[in-house]
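# Geometric and topological summary
So the chains spell out like this:
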Amino acid sequence: MPAIGAILTALAAGCAGMGDRDVLFRDSQRRYTQLMRFTEFDKAGSFVVPEERQSFRESTKALGDLRFSDYELQEVASDGDTATARVSYIGFRRSSPNI
């Protein structure tokens, strides 16, 4: 399965506290991984930073009939207004349904 890396951005209001940013990021990360799991790649792409979007779209297009059955959040790195999540997916191909 090709690796798909995505950088999710968590933009918070100027007066928002760190706790608010964490909640916003977790909500964004959860939504992104659910969209990926249900093959809503175009919608998931809106969570990817603009500089990586074209590569993301090419990678998801190359997946073909691969479908994700589960995911696991591996790592989160935060840098002020942005955060990066590394997510592992478990998937199968419709043409060969072995997990």
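Just above sits the structure.
Below is a summary of the structure that appears in this document. (Residues numbered from 1 in each chain as written. Predicted model: local features only at pLDDT ≥ 70, side-chain atom pairs only at ≥ 80, totals over all residues. Heavy atoms only, no water.)

## Examining the overall build of the protein chain
A tally of helices and strands in the protein chain yields three helices and two strands. Secondary structure of the protein chain in N-to-C order comes out as α-α-α-β-β. The buried share of the protein chain, taken over its 99 residues, is 30%. (Helix = DSSP H or I, 4+ residues; strand = E, 2+ residues; numbered from the N terminus. Buried < 20%, exposed > 50% of the residue type's maximum accessible area, 1.4 Å probe, protein only.)

## Let's talk about the side chain of Thr 33
Secondary-structure assignment places Thr 33 in helix 1 (residues 18-37). Ignoring anything within four residues of it in the chain, the contact list for Thr 33 reads Tyr 71, Val 87 and Tyr 89. (Contact = heavy atoms within 4.5 Å.)

## Observations regarding unusual backbone geometry
Of note, Thr 39 is a non-glycine position whose phi angle comes to about 55°, a positive value. Mapped onto the elements, Thr 39 comes out in the loop between helix 1 and helix 2 (41-44). Taking relative accessible area as the criterion, Thr 39 reaches 28% and is therefore assigned partly exposed.

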